[in-house]
Amino acid sequence: MDDILHGLNKAQREVVTSEASVLQVLAPPGSGKTKTLTSRVAYLIAFKHLKPWNIVTCTFTKKAANEMKERIRSFIGEELSKQIKLGTFHSIAGQYLRKYGQHIGLAKDFGVADTSDSKAIIKRIIKKHDLTSEAPKASGRISANKCKGIESAQFAQTAKNVDQQEFAVIFSEYEAELKASNLLDYDDLLLRCCFLMRTHPQCVSNVEAVLIDEFQDTNTVQYDLMSLFAQQRNMITIVGDPDQSIYGFRHAEIKNLKLMKDQWRDTLTINLEENYRSSGAILHAAQTVIEQDESRPPKKLQATHNYGLRPVLRKLPSAAAEAAWLVAEIKRMCALSGGVLQHSDFAILLRSAALSRVIEAALGRDGMPYRMVGGLKFFERVEVKLVVDYLRVINQPNHGEAVERIINLPPRRIGDATVKSLREEASKRDMSFWDLICGIAQGKTRSTTKLNAPAEKGLASFVNVILSGRRKLEVAEDEQISLVGLINLVAKKIDLQTYLKNKYENEYEAKWSNVEELMAQAADASDPERLKALMEEDTLPAVDDLDQRSTGNEDALSIFLANIALTATAETKTEEGTEPVPQVTISTIHSAKGLEWPVVFLPACYEGSIPHSRSDDNDEERRLLYVGMTRAQAMLYLSCPIKDTQKQETTMSSFLTQPGVQLYFEEHGPSMSLATAKGLATTLRREQPNLSGFNEGKQGLDRDEDNYWPLNGEEAPEERAKWDYGKAANPVAAFGASRPASWVP
Ligand code: ATP
Ligand code: MG
């Protein structure tokens, strides 16, 4: 028992050992909700003798599930801990359906339909009935209904107008087709599992306890799933924080908290009020942001750590300069801390994935190892790879692998067998793949490969795209097309927007943003003046081969592609048996939920980015910023470029310019001083076991210690000055007349 309760405060112990059958723990970030929930699982097994296989524990990400498993393992050992049903809602539902699905008519070997499978089915239905609906919209609507727990038959019954009736047809036929093909889509996994447990409650009769982390982001179906798991014993523990509800756009229902209290009237609520993650200053700044939401009930939150340094708010001339500053700052901190701070202590959290491009480029230039959480690195994203492959082939048509990758992308009805046969033919005739298909398309080569009419047409259209790109490069230097022009040409010729729209529906906008980001990078690469200007800024590291970029566009294209290849391969390989190389984390704020790092950067804090232009829920955007800020333990940097990657002037995020926001506004110079880095390093070096989120041997912030600089002990005068500025009601106003006009809120 001591082990499990060790290091927990009174309220946390109460949660762990509570006899209440239904328990809600509502508490702010960093108050130990996840830690406490995990300890409760271990406690129920070790002291209440619940069988691990009778405990269902749901989290939102695989990473969180793994971390929880690891912690439970440390208390109760490998054997017991691996029997707990612990995972994401989808994975647990999938397990139940594989085991008991036959009772509701599911075959054991059901497949899971991904989004593109679903969309293809919907398209067929629309075509069959000659309907006016658009497939992407219908698909989103089906999912929205399913997430709300509305089934197709139910929808059909209430459908009134023509639009609803038309949609009802699509919905019900879609469902019928999935069933006929023995497929479940993602929503089905949850819905079918609910149905299973409703109709066959005996399959969950063994469940003794249900525990849910991040409850504020559950949707209706997930709520039902939870209730159904708990239907026999009604033993539920949920932990969550309404201030961190950031999945409204995916139909999360914050009212589930109240619903739960209505459903189980004896629900006991315990609040945790102490924050163990962040320094006082970080917490204070985050509070001043979240409190802008006036509809939110006031909450108590107490820091257990020293006040520390006020988070920095920094403006930079451009997105590229912002990325370069951030990389330089990480380097400086690592060096100043005498190696105590490692790359893995830093996270760069982004509102949207497309923002990672400039940052990855800056990290890549510097050779700084990084990893992406919950997403692909920029140059690994399909749409980016696709365009880059076209550029590669235009630059170098004999790049056989790239030709093969894109010959049928977007689909041109050239099948794999045809490609294989063409490849063999080219090899037999000792010519390159490109020369062969180019010859065929232009009627100069008689091929032994049989091509049907559509494939022949597809081949001709592919060759045409490449040749038109090449022609634009082969003209006199002053008439050459720009790199951006070339990307635009490719995008137009292959009708990239339509392709992405049809294939990725809901994700289309994000995918297209990535293509636009690639264009922005191309614009930078072909604008030597701009790059030279950037280089003169003190924060920007040298950019190699700058002058070469202006020598003709064929060269510019080669250099551009070579740089991409460098960025893309700057992977950190780990030899077997060696320690993994510490890596900077890049993540979206959404995927960073529940996690923590000693130093966090939140770049691109401007209107349109956060709050995001495509979001219509300003409060949810603010909560997202709050989630981002509260991931930081010791140091937090917010920044905003004056111009975004598309070179548009920005306006700083209104969340940061409201009166009362407690940040230290910094205009020039390096942010981290030697003394600060040393203070941070000392803090991190302390002994403090059970602090997740730190690397082995590294420790978290201690409370009541005298050497967390600069609050206690000696303070450098210039740092003191920062403090005083920081204490002003408004960080911008603190600069008085000298504040930059562009930053006046
Ligand atoms: P979030 O809302 O962001 O998910 P949380 O409430 O789940 O936060 P945890 O991740 O469980 O918070 O805990 C935050 C940090 O505080 C972790 O590093 C955890 O180990 C530490 N912590 C929690 N409780 C205590 C405690 N009583 N003493 C020391 N450290 C603690
Ligand atoms: Mg948590």
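Please read all numbers here as calculations on a predicted model, not as lab measurements.

A.B. asks: What am I meant to see in the pattern of salt bridges here?
C.D. replies: In this structure the tally under the stated criterion is 32 salt bridges. The salt bridge partner of Lys128 is Glu173, with a shortest N-O separation of 3.0 Å. Of this pair, Lys128 sits in helix H7 (residues 115-129) while Glu173 sits in helix H10 (residues 162-180), and the two are 45 residues apart along the sequence. Classification of Lys128 as exposed rests on a relative accessible area of 60%. Among the ionic contacts, a cluster of salt bridges with common partners joins Lys146, Glu175, Asp185 and Asp188.

A.B. asks: Teacher, can you tell me more about the side chain of Asn54 here?
C.D. replies: With respect to the helices and strands, the residue Asn54 is situated in the loop between helix H3 (33-46) and strand E2 (55-59). Given the relative accessible area of 9%, Asn54 is considered buried.

A.B. asks: Help me understand the environment of Ala634, please; the structure alone is not making it clear to me.
C.D. replies: Locating Ala634 in the fold gives a position in strand E16 (residues 632-643). Overall, the relative accessible area of 1% leaves Ala634 in the buried class. Separated by 354 residues in the primary sequence, Ala634 and Gly280 have C-alpha atoms spaced 9.1 Å apart.

A.B. asks: For this particular structure, what's the right way to read the packing of helix H14 (residues 280-290) against helix H27 (residues 618-629)?
C.D. replies: Angle between the axes and distance between the axes: these two values describe a pair of packed helices. Taken N-terminus to C-terminus, the directions of H14 and H27 make an angle of 175 degrees; their axes are 9 Å apart at the nearest point. For the element pair H14 / H27, the angle class is roughly antiparallel. Counting all contacts with H14, which are made through Ile282, Ala285, Ala286, Gln287, Val289 and Ile290, the residues of H27 involved are Arg622, Arg623, Leu625, Tyr626 and Met629. Split into classes, the residues belonging to the contact of H14 with H27 amount to 8 nonpolar, 1 polar and 2 charged.

A.B. asks: How should I be thinking about the site of ligand 1 in this particular structure?
C.D. replies: What surrounds ligand 1 is a group of 22 residues, the closest being Gly7, Lys33, Gln244, Glu596 and Arg631. One of the backbone nitrogen or oxygen atoms of Ser31 is found 3.2 Å away from an oxygen atom of ligand 1. Lys33 is positioned such that a nitrogen or oxygen atom in its side chain is 2.6 Å from an oxygen atom of ligand 1. Here ligand 1, which alone exposes 640 Å², has 94% of that area covered by the protein. For the shell around ligand 1, the residue count by class is 5 nonpolar, 11 polar and 6 charged.

A.B. asks: Teacher, can you tell me more about the sheet that holds E2 here?
C.D. replies: Adjacent strands of a sheet form backbone hydrogen bonds with each other and so pair up, either parallel or antiparallel. Spatial ordering of the open sheet is given by E3-E2-E6-E7-E1-E8, a layout of 6 strands whose pairing is parallel. In the strand order of this sheet, the two ends are held by strand E3 (85-88) and strand E8 (268-271), each with one partner. Neighbouring strand axes in the sheet, compared pairwise and without regard to direction, differ in orientation by 15 degrees on average. Sitting on the sheet, H3 is in contact with strand E1 (22-26), E2, strand E6 (209-212) and strand E7 (236-240), with an inclination near 165 degrees to E6. Against the sheet, helix H13 (residues 256-263) engages E1, E7 and E8, with an angle of about 155 degrees to E1.

A.B. asks: Please clarify how helix H2 (residues 10-17) should be interpreted in this entry.
C.D. replies: Listing the buried residues of H2 in full gives Gln12, Val15 and Val16. Seen end-on, H2 carries its buried residues on one side only, within an arc spanning 100 degrees.

A.B. asks: I'm lost on the packing of aromatic side chains in this one. Help?
C.D. replies: The relation between two aromatic rings is expressed through the spacing of the ring centres and the mutual angle of the planes. Here the structure, examined in full by the defined rule, presents 14 aromatic pairs. For the pair Tyr96 and Tyr100, a centre-to-centre distance of 5.9 Å together with 35 degrees between the ring planes defines the contact as tilted. A residue pair is termed a helical-turn pair when its members lie 3 or 4 positions apart in one helix, as Tyr96 and Tyr100 do in helix H6 (residues 89-100) at 4 residues. Of the residues examined, Tyr100 reaches a relative accessible area of 23% and is grouped as partly exposed. Measuring from centroid to centroid gives 5.1 Å for Phe155 and Phe167, while their planes differ by 85 degrees, and the two rings are edge-to-face. Of this pair, Phe155 sits in helix H9 (residues 152-158) while Phe167 is found in helix H10, placing the two residues 12 residues apart along the sequence. Overall, Phe167 belongs to the buried group, its relative accessible area being 2%. Through a chain of ring-to-ring contacts, the aromatic side chains of Tyr96, Tyr100 and Phe229 assemble into a single cluster.

Here is what the cut-offs are and how they apply
Residues numbered from 1 in each chain as written. Chains lettered and ligands numbered in written order. Predicted model: local features only at pLDDT ≥ 70, side-chain atom pairs only at ≥ 80, totals over all residues. Heavy atoms only, no water. Salt bridge = Lys/Arg side-chain N within 4 Å of Asp/Glu carboxyl O. Helix = DSSP H or I, 4+ residues; strand = E, 2+ residues; numbered from the N terminus. Buried < 20%, exposed > 50% of the residue type's maximum accessible area, 1.4 Å probe, protein only. Axes fitted to C-alpha atoms, helices over the stretch in contact; angles between N-to-C directions. Parallel < 35°, antiparallel > 145°, perpendicular 65-115°, else oblique. Contact = heavy atoms within 4.5 Å. Nonpolar A, V, L, I, M, F, W, Y, C, P; charged D, E, K, R; others polar. Near = heavy atom within 4 Å. Polar contact = N/O pair within 3.5 Å; in protein donor to acceptor, adjacent residues only side chain to side chain. Areas by Shrake-Rupley, 256 points an atom, 1.4 Å probe, with all protein chains shown as cover. Pairing = 2+ DSSP bridges. Arc of directions from axis to C-beta. Phe/Tyr/Trp six-rings, centres within 6.5 Å; stacked < 30°, edge-to-face > 60°.

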